[in-house]
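Given next are the chains, with one letter for each unit.
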Amino acid sequence: MAEKLRLKIITPQKLVFDGEVSELLAPGQMGEFGILPGHVPFLSTLFPGRLRFRTDGSGENTLIIHGGLADVKDDTVSILTDRSESLEEVDVAAAKKDTEALQRELDDLQDAGDSEREALDKKLRIARARVGE
């Protein structure tokens, strides 16, 4: 069994990360899930949130992802996401304001369709991930 995973994080614009990691924590539909070397193959939908992984060189790394897919096979994890952000890119004060405003908007939403509610929920999950909630 391998002692490391190969992690690839890919957006439509670029290859964000390609390297070895010892573990990975990802945001899934039922909550956060972990992947270690030797994990069984699977494919999972990812929700917007924080993707965390450990490397030897820089310790724990965190990216905010805007949803996507995780493909795990043969100690390789491919994360396909529309967008990712590093924590350094986040304006925490603005993210807190966004979180509050989006929560109020979602609370006030009564006659909206499922697609409108889902879009607001996704924006709220991203805003909360930026804040660290």
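Residues numbered from 1 in each chain as written. Predicted model: local features only at pLDDT ≥ 70, side-chain atom pairs only at ≥ 80, totals over all residues. Heavy atoms only, no water.

Digging into the packing of aromatic side chains
- According to the stated counting rule, one finds two aromatic pairs in the structure shown.
- Both rings, one in Phe17 and one in Phe53, keep their centres 4.8 Å apart while their planes meet at 50°; by these two values the pair is tilted. Placement of Phe17 in strand β2 (residues 15-21) and of Phe53 in strand β5 (residues 42-55) is noted, with a sequence separation of 36 residues between them.
- A residue is classified by how much of its surface remains accessible, and Phe17, at 21% relative accessible area, is partly exposed.
- Taking the centre distance of 5.8 Å and the plane angle of 70° together, the rings of Phe33 and Phe42 count as edge-to-face. (Phe/Tyr/Trp six-rings, centres within 6.5 Å; stacked < 30°, edge-to-face > 60°. Helix = DSSP H or I, 4+ residues; strand = E, 2+ residues; numbered from the N terminus. Buried < 20%, exposed > 50% of the residue type's maximum accessible area, 1.4 Å probe, protein only.)

Describing the domain arrangement of the protein
- One can read the domain layout of the protein as domain 1 (5-87) and domain 2 (91-131).
- Measuring from the centre of the C-alpha atoms in domain 1 to the corresponding centre in domain 2 gives 24 Å.
- Between domain 1 and domain 2, the contact holds nine residues from the first and six residues from the second.
- The tally of links between domain 1 and domain 2 comes to one salt bridge.
- Where domain 1 meets domain 2, there are three residue pairs in polar contact (both at pLDDT 80 or more).
- Those elements giving two or more residues to the side of domain 1 that touches domain 2 turn out to be β5 and β6 (59-73).
- Looking at the side of domain 1 that touches domain 2 element by element, the count peaks at four residues for β5.
- Here the residues of the side of domain 1 that touches domain 2 sort into three nonpolar, two polar and four charged. (Domains from an automatic or database assignment. Contact = heavy atoms within 4.5 Å. Salt bridge = Lys/Arg side-chain N within 4 Å of Asp/Glu carboxyl O. Polar contact = N/O pair within 3.5 Å; in protein donor to acceptor, adjacent residues only side chain to side chain. Nonpolar A, V, L, I, M, F, W, Y, C, P; charged D, E, K, R; others polar.)

Looking at the environment of Gly59
- Here Gly59 is to be found in strand β6.
- Under the relative-accessibility criterion, Gly59 is labelled partly exposed at 27%.
- Distance from Gly59 to Glu32, taken between C-alpha atoms, is 19 Å for residues 27 residues apart in sequence.
- For Gly59, the residues in contact, after removing those within four places along its chain, are Phe53 and Arg54.

Here's the deal with a negative patch on the surface
- A cluster of acidic residues, Glu105, Asp107, Asp108 and Glu116, forms a negative patch on the protein surface.
- Tallying contributions element by element places helix α1 (residues 92-108) first for the negative patch, with three residues.
- Take Glu105: it is sitting in helix α1.
- For Glu105, a relative accessible area of 42% gives the class partly exposed. (Patch = residues over 30% accessible without salt bridge, like charges linked within 9 Å, V, L, I, M, F, W, Y side chains within 5 Å. Areas by Shrake-Rupley, 256 points an atom, 1.4 Å probe, with all protein chains shown as cover. Lys, Arg positive; Asp, Glu negative; His and termini not counted. Charge placed at Lys NZ, Arg CZ, Asp CG, Glu CD.)

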